[in-house]
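Residue-level structural notes
So you can see what is in the structure, the chains are spelled out below.
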Amino acid sequence: MIAADKPVKPASLMTTNLVFISRSLRHSLRNTEALLMAIMLPVMLMLLFTYVFGGAIDSSGDYVNYVVPGIILLCAGFGSSSTAVDVSNDMTNGIIDRFRTMPIKSLSVVTGHVVASLARNLFATGVVFGVALLVGFRPNASFLEWVLAIAVITLFILTFTWLFAAIGLVAGSPAAASGYGFALLFLPYLSSAFVPTDTMPSWLQGVANHQPITPVIETIRGLLTGTPLNDSAWWAVGWCLLILAIAFLWSISSFRKKAGRR
Amino acid sequence: MKQSAIEISGLRKSFGKQTVLSGVDLTVPAGTVFALLGPNGAGKTTLINIMSTLVSPDEGKVNVGGYDVLTERDQVKQNISLTGQFAAVDEVLSAEENLRMIGRLSGLTAAQSRLRTMELLKAFDLVDAAKKRVKTFSGGMRRRLDLAISLVVSRPVIFLDEPTTGLDTISRRALWDIISQLARQGRTIFLTTQYLEEADQLADQIAVINGGRIVASGSAEQLKARVGGEVIELLNAHDEVIHTVPTTGSIQDISRTLNDLAHSVPPGTRVNIRRPSMDDVFVALTANKKEVLHV
Ligand SMILES: Nc1ncnc2c1ncn2[C@@H]1O[C@H](COP(=O)(O)OP(=O)(O)OP(=O)(O)O)[C@@H](O)[C@H]1O
Ligand SMILES: [Mg+2]
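Residues numbered from 1 in each chain as written. Chains lettered and ligands numbered in written order. Predicted model: local features only at pLDDT ≥ 70, side-chain atom pairs only at ≥ 80, totals over all residues. Heavy atoms only, no water.

Some words on the interface of chain B and chain A
- Contacts between chain B and chain A engage 46 residues on the former and 32 residues on the latter.
- Between chain B and chain A lies a buried interface of about 3,300 Å² when both sides are counted; carbon and sulfur atoms form 59% of it.
- The largest share of the area that chain B buries against chain A comes from Leu54, Lys77 and Leu105 of chain B, three residues that together contribute 20% of it.
- With its nearest N and O atoms 2.5 Å apart, the salt bridge here joins Arg26 of chain A to Glu97 of chain B.
- Taken together, chain B and chain A are joined by nine residue pairs in polar contact (both at pLDDT 80 or more).
- Elements that contribute at least two residues to the side of chain B that touches chain A include exactly β1 (4–15), α2 (73–79), β6 (80–83), α3 (95–105), α4 (110–123), α5 (139–150) and α6 (169–184) of chain B.
- Across the side of chain B that touches chain A, the residue classes tally to 21 nonpolar, 11 polar and 14 charged. (Contact = heavy atoms within 4.5 Å. Buried area = accessible area lost by both parts, 1.4 Å probe. Salt bridge = Lys/Arg side-chain N within 4 Å of Asp/Glu carboxyl O. Polar contact = N/O pair within 3.5 Å; in protein donor to acceptor, adjacent residues only side chain to side chain. Helix = DSSP H or I, 4+ residues; strand = E, 2+ residues; numbered from the N terminus. Nonpolar A, V, L, I, M, F, W, Y, C, P; charged D, E, K, R; others polar.)

Written out as structure tokens, the structure is:
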């Protein structure tokens, strides 16, 4: 009974990924507090911006249409930031050593967290859209525009999740991972998410217009509410792919370094 | 001659300026139980980590299951299972989910994995706790689960880093049975322990590591013989040893010795015949580096 039967062939990469994805999904579902926060926080922010600040920023009552894309990105950024903590937890717990002594691609443990984050965030985004419609968000997008907008949001979540995964891999502890992650979450405030950038002082406009979040927001806003797109879609996709590639390579190399040759 | 499961020669490892292993040579024949003893910080865990591909050696050759740990990592991983010094379990999942996850990752089908999980839960007395999250487990339960996880699939070489630390007597005995059973099936078991009785009971071969080197190795009997043979101890009324005389252990020798002594000792003196224990071996081989604690 202690004896296992004959030796078995190692699991395929496909199986390994599926097992780690289902593990991370279970983790997500059991961490109800984080899940609730990931949904509640953006909803609260949206209510705050539409009902409290909205009147002061734009008294026409149209502000909700302006702010929803920004809230969506804030929601995605916040939701994916918990990946840094999840990854760091795994790396500082003995379990990574077990995975690394098994004949599998142990980086899949990170892939699992990334896919779970994607699922979690798309769900939260859906909820935020729902609440947005309730408080007066009126998109005029065609079906195709919706599909494109969701594709851009998905790409954005994927990019930021890998970035946070890399942060989780280099951070010394889950608490540090959470701290670094928090710093990144200020980016949306320095973009066109909440106010048009031309209302900012000129030095800040330079930052706000040329940071990656602004074109992503402009793209989503353009697709959903028909504001001019110009070339922001190209910038959005370009930025995301660039950051995604960097974050992915950074993850692989720090995974090797951290878990590898000590 | 039996094939070797582990062959190490000239192994060196430093962390920064600190040299942890300074020339370790070691051979473990396949199908035997090998116990590594040594004081805290001697490098036992480091050695196990090197053999299980987690840490790279600085110098020397390390072969496990016939494969080189540096150049043939993947093959080594297919031949080993590691139970580290600290439990490597998923706290968020239940015991059952942990076992099934590792089963799937090891290449079992979902059905095989479920079956194997049931067997192991039973063998490690975790059936009642199967559905509970590991976060709520006691230290000993966690340890048992950790051991169960490393036996999900059959691997020829099994590393156990202080496997019985934190287990109660019953669980410890049960684990000893399991280890003997695994050895009988031809698995090679490399374990470290702080319990010398454990090494004495289980191991075919014992090595003591101290100051970065193997300072002694052999069977328990050979090691005990190194620190001296049997002795006759005379104890006073307070159980304090007042005199020791070496003996061959034969009845003639003992009776002669006792006859000689009988007239010169105070009344109430008692006799004890003692063979050296693994504790004596350990202290004799590692005492040089340890400072005596004064309380
Ligand atoms: N990753 C590391 N970085 C730096 N130093 C390390 C590292 N791992 C181990 N050491 C050092 O190497 C030495 C040996 O550690 P090791 O864990 O191998 O000892 P051990 O024999 O297993 O001790 P114990 O009986 O306490 O488990 C210690 O002094 C430890 O501080
Ligand atoms: Mg140790």
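A look at the nonpolar core
- Membership of the largest hydrophobic core comes to 120 residues, with the highest contact counts inside it found for Phe99 and Val110 of chain A together with Leu105, Phe124, Leu145, Ile189 and Ile206 of chain B.
- No other element matches the 14 residues that helix α3 (residues 63–92) of chain A contributes to this core.
- Ignoring sequence-local partners within four residues, the contact set of Leu145 of chain B consists of Val89, Ala95, Asn98, Leu99, Leu126, Val134 and Phe137 of chain B.
- Leu26, Val62, Val76 and Phe159 of chain B belong to the second-largest nonpolar core, a separate cluster that totals 29 residues. (Core = buried A, V, L, I, M, F, W, Y, C linked by side-chain atoms within 4.5 Å. Buried < 20%, exposed > 50% of the residue type's maximum accessible area, 1.4 Å probe, protein only.)

Some points on the sheet that holds strand β3 (residues 33–37) of chain B
Residue and element names in this part refer to chain B.
- As summarised here, the arrangement of the six strands in space is β6-β7-β8-β3-β9-β10, forming an open sheet in which the pairing is mixed. Strand pairing shows two members of the sheet lacking a second neighbour, β6 and β10 (213–218), which therefore form its edges. Strand-to-strand twist in this sheet, taken as the mean axis angle between neighbours without regard to direction, amounts to 15°.
- Bridge count between β3 and strand β9 (residues 205–210): four bridges; the pairing is parallel. Paired with Leu36 across the two strands is Ala207, which belongs to β9.
- Sheet strands touched by α6: β3, β7 (157–161) and β8 (188–192). Its angle to β8, the strand with the most contacts, is close to 145°. (Pairing = 2+ DSSP bridges. Axes fitted to C-alpha atoms, helices over the stretch in contact; angles between N-to-C directions.)

Quick look at the packing of α3 of chain A against helix α9 (residues 213–225) of chain A
Residue and element names in this part refer to chain A.
- The contact between α3 and α9 brings their axes to 9 Å, and the two run at 130°. The orientation of α3 with respect to α9, classified from their angle, is oblique. Where α3 crosses over α9, the two elements pack in a sense that is right-handed. Taking contact as the criterion, the partners of Asn65, Tyr66, Pro69, Gly70 and Leu73 in α3 are, on α9, Ile213, Val216, Ile217, Ile220, Arg221 and Thr225.
- A class-by-class count of the residues in the contact of α3 with α9 yields seven nonpolar, three polar and one charged. (Parallel < 35°, antiparallel > 145°, perpendicular 65-115°, else oblique. Left-handed = near helix turned anticlockwise from the far one by under 90°.)

Brief notes about the environment of Ala111 of chain B
- Among the secondary structure elements, Ala111 of chain B is positioned in helix α4.
- Distance in space between the C-alpha atoms of Ala111 of chain B and Arg100 of chain B is 9.6 Å, their sequence separation being 11 residues.

Considering α3 of chain A
All names here are of chain A.
- For α3, built from 30 residues, the straight-helix expectation of 44 Å at 1.5 Å per residue is met to within 8% by its first-to-last C-alpha distance of 44 Å.
- By the largest-angle criterion, Pro69 marks the main kink of α3, which is about 25°.
- The element α3 is largely enclosed, with a buried count of 24 among its 30 residues. (Expected span 1.5 Å × (residues − 1). Bend = angle between axes of the 7 residues up to and from the residue.)

Concerning the side chain of Ser4 of chain B
- Here Ser4 of chain B is to be found in strand β1.
- In contact with Ser4 of chain B, not counting residues within four places along its chain, are Thr27, Val28, Pro29 and Ala30 of chain B.

Overview of the coordination of the magnesium ion (ligand 2)
All names here are of chain B.
- Taken together, the protein ligands of the magnesium ion (ligand 2) are Thr45 (OG1) and Gln85 (OE1), with distances of 1.9 to 2.1 Å. On the criterion of sequence distance, the pair formed by Thr45 in helix α1 (residues 44–51) and Gln85 in the loop between β6 and α3 is long-range, its members being 40 residues apart.
- Exposure remark for Thr45: the relative accessible area of 25% places this residue in the partly exposed category.
- On the basis of relative accessibility, which here comes to 27%, the residue Gln85 falls in the partly exposed class. (Donors = N, O, S within 2.8 Å, 3.2 Å for Na, K, Ca; no water.)

Re the UniProt feature "transmembrane region" (unreviewed entry) in chain A
- The feature "transmembrane region" (unreviewed entry), as annotated in UniProt, sits at residues 34–57, 63–85, 106–134, 146–170, 177–195 and 233–252 of chain A in this numbering.
- In this annotation, residues 63–85 of chain A is assigned 100% helix and 0% strand; the end-to-end C-alpha distance for the span is 34 Å. (UniProt positions renumbered as here; feature names shortened; annotations may be inferred.)

Things to note about the domain arrangement of chain B
- Each assigned domain of chain B is listed with its residue range as follows: domain 1 (4–219) and domain 2 (229–275).
- Centre-to-centre separation of domain 1 of chain B and domain 2 of chain B, based on C-alpha positions: 43 Å. (Domains from an automatic or database assignment.)

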